[in-house]
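Summary of the model geometry
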Amino acid sequence: MDTMTIIHRYALAALLLAASASVAADMKDPLIHDGHIHYDQDVWQTLPPDKAVQMLRAENIHRALVSATPGEGAEMLYREAPELVIPMLRPYKNWRHRYLWFNDPDLKDYLLEHLARAPYRGFGEFHVFGEDADSIPVEEMIELARERKLALHPHTDLEGMRIILQKAPDVVVLWAHGGFNVPVETLIELLDRYPMLIIELSLREGMLGTGGRLTPQWRQFLIDYRSRFLVGMDTYKPGRWADLPEIAAETRHWLEQLPQDVSADIARNNLDRLFPR
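Let me sum up the structure you'll find in this document. Because the structure is predicted, anything quoted here is derived from the model rather than measured.

F123, L152, L197, L222, W241, W254 and I266 are the most contacted members of the largest nonpolar core, which totals 76 residues. Setting aside its immediate chain neighbours within four residues, I266 contacts L201, L222, R226, F229, L230, V231, W254, L255 and L258. Membership of the second largest hydrophobic core comes to 10 residues, among which are L65, A151, L174 and F275.

Encoded structure:
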């Protein structure tokens, strides 16, 4: 079964079960406010906005940071469900631009044009690594974020993150994937030094051991820094939309291993605090 067929299957199921699923989810599954959803062109060509929203609601995802390449995807999904979608603006004109944007002298004009089209709440998820984060276009984007009180959602390595944090200590920075495999000790150092830093946990390595159990180190880390994390499904390709029920279930499995109040903060309260309605 190809990916597009799988997506259609889940979309149809979401449509047929939308009413009952939303009620059942409220009764059974903890509410999730998601820090990492993509609705890119390779998805919206097959999965229209109404069906995508149905899929999110069927998984009891009631709010989500949504970005897209090109940006029209986030705008379409926002128009479909403004109470659910928190639009985020990627600095990419297209997929090729992903590898060039941080040196694009016209980046600021592009961002300003798109900021006028929808109530964007931040820039990202954007990919930049190492010293590429130390460029004039990146600085201009950070200044726009500062002026307009927007968040930054970088997908970057440790060197790039240190550069961004030094340039934007007063801006909310959501580190996509928590740096993947950056040691917990380093994350603690950065969290203590930069109070506006938030760790977004999609695809984070090293959290889980056998049977999907949180490691003792990560369980204590999540408890100690409970206000500094967001969950995310990261639907960065069509297959991730197809697998959304399984990804959400895996996320809830480790959330359930935390004290209830800690789980609620990480699952939804932190996002609501950072992005109030």
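A few words on the pairing of strand β4 (residues 122–127). Of all six residues in β4, six are buried; the element is thus mostly enclosed. Handedness of the crossover joining β4 and strand β5 (residues 151–155) through helix α7 (residues 136–148): right-handed.

Attention now moves to the packing of aromatic side chains. The full count for this structure, using the stated rule, is nine aromatic pairs. Judged by centre distance (6.2 Å) and plane angle (45°), the rings of Y39 and W44 are tilted. Residue classification places Y39 among the buried residues on the basis of a relative accessible area of 0%. For W44, a relative accessible area of 18% puts it in the buried group. Aromatic pair W101 and F102: ring centres 5.8 Å apart, planes at 80°, arrangement edge-to-face. By the ring-pair criterion, three or more aromatic residues cluster together here, those being Y92, W101, F102 and F126.

Spanning 13 residues, α7 covers 18 Å between terminal C-alpha atoms, matching the ideal 18 Å at 1.5 Å per step. Three or more residues of α7 are buried, namely P137, V138, M141, I142, L144 and A145. The arc enclosing the buried residues of α7, seen along the axis, measures out at 155°, which places them on a common side. Set apart from the buried face of α7 by more than 90 degrees, the exposed residues are I136 and E147. In this structure, the buried side of α7 is in contact with α6 (107–115), β4, β5 and α8 (158–167).

Over its 12 residues, helix α12 (residues 244–255) extends 16 Å from the first C-alpha to the last, a length consistent with the 16 Å expected when each residue adds 1.5 Å. Here the buried face of α12 lies against β1 (32–38), α4 (49–58), β2 (61–67), α10 (216–224), α11 (238–242) and α13 (260–274).

About the criteria used
In this convention, every chain numbers its residues from 1, walking through the sequence in written order. Where local features are concerned, this predicted model is filtered to residues with pLDDT of at least 70; where side-chain atom pairs are given and counted, the filter is 80 or more; whole-chain, interface and lining totals use all residues. Note that the side-chain values use all heavy atoms of the structure and ignore hydrogens as well as water. The criterion is simple. A nonpolar core is a set of buried Ala, Val, Leu, Ile, Met, Phe, Trp, Tyr and Cys residues joined through side-chain atoms within 4.5 Å. Think of it in three bands: with a 1.4 Å probe and only protein chains considered, a residue is buried below 20% of the maximum accessible area for its type, exposed above 50%, and partly exposed in between. In this description, contact between two residues means that some pair of their heavy atoms is separated by no more than 4.5 Å. Helix numbering and strand numbering both begin at the N terminus, where a helix is a DSSP run of H or I of at least 4 residues and a strand a DSSP run of E of at least 2. The path from the first strand over the helix to the second decides the hand: if it runs clockwise while the strands point away from the viewer, the crossover is right-handed. Side-chain rings of Phe, Tyr and Trp (the six-membered ring for Trp) are treated as a pair once their centres are within 6.5 Å; stacked means planes under 30 degrees apart, edge-to-face means over 60, and tilted covers the remaining angles. A helix is expected to span 1.5 Å multiplied by its residue count minus one. This arc is taken over the directions from the axis of the helix to the C-beta atoms.

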